[in-house]
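# Structural features, examined
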Amino acid sequence: MIRYFLARLFWVVSPWKLRTAPAPNEPTILIGAPHTSNWDFVFMLAISWRLRLPVKWLGKDTLFKGWRGPLMRGLGGIAVDRKNAAGLVRRIIRMANSGQVYGLVITPDGTRKGHSRWKSGFYRIAMETGMPVTLGYVDRHTRTVGLGPTLQMTGDVAADMDRIRAFYADKSGFHPQYRVEPRLNSEE
C-alpha cells in the first residue's frame, strides 16, 4: 500500500508522465529499454508500484554486496554472477511455474553505455519458459515512460526482433546518446 502511494506521489510531482498499457496478468519478462541512466531503476519501481505489479530484476552480483544486499533483494533484485550464471535459467523457470504474477525486468542492452547489440538472455529465457515479453520504455523526447505491448516470442528471431525494433524505433532513453539499437548478434 505504501509503495502504491509513493508511486502516485512520484507521478504527480515528476516532470515525466506515465503512459502505459495495463499491467500483465501473468508472469512476463519485462524489457527495460533503452537503458541509458540510473534513473531507469527509479522509473521501473514507480511504474511497477503504481500498477501494483510485483517485479523481480536481474542485477550484477556486486550490487548485492554489503548493506545494499538486503535492500536490493527487498526491491525484487536477483543477484547474477556473470562468470557463473549456469543455474539462472532453471531458477527463472521455477519462478515462472510458481503461479505468482510478476514482471522479470531485464535490460537487454546491458549496462548503460558502451554496447552495440542487445544481449540475448531475455529471448532465451522467453523461449525456455514460454513467458511473454512486455516492452517497457523510457523516452526523453516525449518525457514518457511506461509499458507497451506484451508479445509472445515465436522462435523466429528476426521476425520477433523486427516487432521489438518497431516499438522502440522512436524511444530514446533518458540519455539518447547511449541508446542501443535492439539487435541480437544471432541476427547477423
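Residues numbered from 1 in each chain as written. Predicted model: local features only at pLDDT ≥ 70, side-chain atom pairs only at ≥ 80, totals over all residues. Heavy atoms only, no water.

With that settled, consider helix 1 (residues 2-13). With 12 residues, helix 1 ought to run about 16 Å at 1.5 Å a step, and its terminal C-alpha atoms sit 17 Å apart, in line with that. Among the residues of helix 1, those classed as buried are Y4, A7, F10 and W11. What you see down the axis of helix 1 is that its buried residues fit within an arc of 120°, all on one side. Facing away from the buried side of helix 1, by more than 90 degrees, are the exposed residues I2, L9, V12 and V13. Looking at the buried side of helix 1, the elements it contacts are strand 1 (17-18), helix 2 (39-51) and strand 7 (144-151). (Helix = DSSP H or I, 4+ residues; strand = E, 2+ residues; numbered from the N terminus. Expected span 1.5 Å × (residues − 1). Buried < 20%, exposed > 50% of the residue type's maximum accessible area, 1.4 Å probe, protein only. Arc of directions from axis to C-beta. Contact = heavy atoms within 4.5 Å.)

Let's shift gears to the packing of aromatic side chains. Throughout the structure, instances matching the rule amount to 16 aromatic pairs. For the ring pair W16 and F43, a centre distance of 5.0 Å and an interplane angle of 50° mean the geometry is tilted. With W16 in the loop between helix 1 and strand 1 and F43 in helix 2, the pair connects residues that are 27 residues apart, well separated along the chain. The burial state of W16 is the same as that of F43; both residues are buried. Judged by centre distance (5.7 Å) and plane angle (80°), the rings of W118 and F122 are edge-to-face. Owing to a relative accessible area of 3%, W118 belongs among the buried residues under this scheme. Among the aromatic residues, ring-to-ring pairing joins F10, W11, W16, W39, F43 and F174 into one connected group. Sitting over the ring of Y102, K56 keeps its end group 5.7 Å from the ring centre. Across from the ring centre of F174, 4.7 Å away, lies the NZ or CZ of R140, which sits over that ring. (Phe/Tyr/Trp six-rings, centres within 6.5 Å; stacked < 30°, edge-to-face > 60°. Lys NZ or Arg CZ within 6 Å of the ring centre and 35° of its normal.)

Another point: the nonpolar core. Counting 29 residues, the largest nonpolar core has I29, I31, W118, F122, I164 and Y168 as the members making the most contacts within it. When contributions to this core are tallied by element, the ones reaching two or more residues are strand 2 (28-33), strand 4 (77-80), helix 4 (88-96), strand 5 (103-106), helix 5 (121-129), strand 6 (133-139) and helix 6 (157-168). Beyond its immediate sequence surroundings of up to four residues, I164 is in contact with W118, F122, L135, L151, M153 and P182. Counting residues in each nonpolar core, the second largest holds 22 residues, with A7, F10, L53 and M72 among its members. (Core = buried A, V, L, I, M, F, W, Y, C linked by side-chain atoms within 4.5 Å.)

With respect to topology, seven strands assemble into an open sheet ordered 1-7-6-2-5-3-4, the strand pairing being mixed. One side of each edge strand has no neighbouring strand; the edge strands of this open sheet are strand 1 and strand 4. The pairing of strand 3 (residues 55-60) with strand 4 spans four bridges and is parallel. Counted as the bridge partner of L58 is I78 from strand 4. (Pairing = 2+ DSSP bridges.)

Glancing now at unusual backbone geometry. The residue after A33, namely P34, is reached through a cis peptide bond having omega -20°. Not every positive phi belongs to a glycine, and R52 is a case in point at roughly 55°. Along the chain, the position of R52 falls in the loop between helix 2 and strand 3. One non-glycine residue, R143, lies in positive phi territory at about 50°. Secondary-structure assignment places R143 in the loop between strand 6 and strand 7.

Across the interface, helix 4 lies against helix 5 with an axial gap of 10 Å and an inter-helix angle of 50°. One element, helix 4, and the other, helix 5, form an angle in the oblique class. For the element pair helix 4 and helix 5, the recorded crossing hand is right-handed. Contacts between helix 4 and helix 5 involve V89, I92, I93 and A96 on the former and, on the latter, I125, E128 and T129. A class-by-class count of the residues in the contact of helix 4 with helix 5 yields five nonpolar, one polar and one charged. (Axes fitted to C-alpha atoms, helices over the stretch in contact; angles between N-to-C directions. Parallel < 35°, antiparallel > 145°, perpendicular 65-115°, else oblique. Left-handed = near helix turned anticlockwise from the far one by under 90°. Nonpolar A, V, L, I, M, F, W, Y, C, P; charged D, E, K, R; others polar.)

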